[in-house]
Amino acid sequence: MNLSALSDLLAARGLRLLPGSHAVPVELLVQLPDATIARFTARGTTLRLRHYSPDALRSIVIAAECGCGDHHPQTGPDRVTLSAFAQPLSEHILDGELVFGWTGYEAGSLRLPDALPHFFTLLPLLAPSRTLVSVA
């Protein structure tokens, strides 16, 4: 399975795979039906799903190589990423050391098809986003 096939699979479930997702090591940015963002990563022995508000996304412009404007436009393509200051609304972790006996970097070496069942296991744990109300 590649990211294109995953995008189709997610779309059938009402989810949208966002640019900035990677198959190796697995890192998925997924927009949920309520416009919130799920970020799934597989690193070391940990599978992690974080839930972010929609305003956590940023678009950055990648500068052209030479930047002179003669051969290339002065600005390059946009890249979607999470803000460096984004705080997750929630986080769910699958500890591969405890659950599977992993000892090193097994999560980070998972292929996309092998990591997806874990993503779909953690996904229902995300609570619908709630409006925070502060009382003065």
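See the structure shown above.
For every chain, the first residue of its written sequence is number 1, and the numbers climb from 1 along that sequence. Where totals are concerned, whole chains, interfaces and linings use all residues; where local detail is concerned, this predicted model gives features only for residues with pLDDT of at least 70, and gives and counts side-chain atom pairs only at 80 or more. Only hydrogens and water are set aside when side-chain values are computed; all heavy atoms of the structure are taken into account.

K.L.:
Mind showing me how you'd approach the pattern of salt bridges here?
P.N.:
Salt bridges are defined by distance alone: a side-chain nitrogen of Lys or Arg within 4 Å of a carboxyl oxygen of Asp or Glu. Per the counting criterion, the structure on display carries four salt bridges. Across the pair Glu-27 and Arg-39 runs a salt bridge, and its minimum N-O distance is 3.1 Å. One end of the pair, Glu-27, is in strand E2 (residues 27-31); the other, Arg-39, is in strand E3 (residues 37-43), with twelve residues separating them in the sequence. Two residues, Glu-27 and Arg-43, come together in a salt bridge whose shortest N-O distance is 2.9 Å. Separated by 16 residues along the polypeptide, Glu-27 in strand E2 and Arg-43 in strand E3 bring together distant segments of the chain. For the purposes of this entry, the term helix denotes a DSSP run of H or I that reaches at least four residues, the term strand denotes a run of E that reaches at least two, and both are numbered from the N terminus.

K.L.:
What exactly am I supposed to notice about the pairing of strand E4 (residues 46-52) here?
P.N.:
In regular strands, side chains alternate between the two faces of the sheet. Among the seven residues of E4, five are classified as buried, and the element is accordingly described as predominantly covered. Criterion used throughout: strands pair if DSSP finds at least two bridges between them. What sits between the antiparallel neighbours E3 and E4 is a turn of two residues, in which Gly-44 has the positive phi angle 55 degrees. Partly exposed residues are those whose accessible area sits between 20% and 50% of the maximum for their type, while under 20% is buried and over 50% is exposed, using a 1.4 Å probe and protein chains only.

K.L.:
I'm lost on the packing of aromatic side chains in this one. Help?
P.N.:
The way to describe two aromatic rings as a pair is by their centre distance and the angle between their planes. Only Phe, Tyr and Trp rings are paired, with Trp represented by its six-membered ring, and only when their centres lie within 6.5 Å; those with planes under 30 degrees apart are stacked, over 60 edge-to-face, the remainder tilted. Here the structure, examined in full by the defined rule, presents three aromatic pairs. Here the aromatic rings of Phe-40 and Phe-119 are separated by 5.5 Å at their centres, their planes lie at 65 degrees, and the arrangement is edge-to-face. A residue pair is termed long-range when its members are at least 10 positions apart, and Phe-40 in strand E3 and Phe-119 in helix H3 (residues 112-122) qualify at 79 residues. Exposure remark for Phe-119: the relative accessible area of 0% places this residue in the buried category.

K.L.:
Got a minute to help me understand the environment of Arg-13 in this structure?
P.N.:
The topology assignment puts Arg-13 in the loop between helix H1 (3-12) and strand E1 (16-17). Take Arg-13: its relative accessible area is 48%, and that puts it in the partly exposed class. Residues Arg-13 and Pro-33, spaced 20 residues apart in sequence, show a C-alpha to C-alpha distance of 9.2 Å.

K.L.:
Hey, could you run me through the environment of Ala-84 in this one?
P.N.:
Structurally, Ala-84 is set in the loop between strand E6 (75-82) and strand E7 (90-95). Its relative accessible area of 76% is what places Ala-84 among the exposed residues. Each C-alpha atom of the pair Ala-84 and Leu-57 lies 9.6 Å from the other, and the pair is 27 residues apart in sequence.

K.L.:
I keep staring at the nonpolar core and nothing clicks. Help me out?
P.N.:
As a rule of thumb, soluble globular proteins bury nonpolar side chains together. What is meant by a nonpolar core is a set of buried Ala, Val, Leu, Ile, Met, Phe, Trp, Tyr and Cys residues, joined one to another through side-chain atoms within 4.5 Å. Among the nonpolar cores identified, the biggest contains 24 residues, and Leu-28, Val-30, Phe-40, Leu-47, Leu-49 and Phe-119 are the most heavily contacted of them. Secondary-structure elements contributing two or more residues to this core are H1, E2, E3, E4 and H3. The leading source of residues in this core is H3, at five residues. Those residues in contact with Val-30 that sit more than four places away from it in its chain are Leu-10, Leu-15, Arg-16, Leu-17, Leu-18, Thr-36, Ile-37, Ala-38 and Phe-119. Judged by nonpolar contacts, the second largest core, of seven residues, contains Ile-37, Ala-56, Leu-82 and Ala-86. Whether two residues are in contact is decided by their heavy atoms, any of which lying within 4.5 Å being enough.

K.L.:
Got a minute to help me understand the side chain of Ser-21 in this structure?
P.N.:
Considering the arrangement of structural elements, one finds Ser-21 in the loop between E1 and E2. Residue class for Ser-21 comes out buried when judged on its relative accessible area of 11%. N or O atoms within 3.5 Å of each other form a polar contact, as long as, within protein, one can give a hydrogen and the other can take it, and as long as residues adjacent in sequence are counted only when both atoms are side-chain atoms. Side-chain polar atoms of Ser-21 contact the backbone oxygen of Leu-18, separated by 2.9 Å. In this structure the side chain of Ser-21 is engaged in a polar contact, spanning 3.0 Å, whose partner is the backbone nitrogen of Leu-29. Those residues in contact with Ser-21 that sit more than four places away from it in its chain are Leu-3, Glu-27, Leu-28 and Leu-29.

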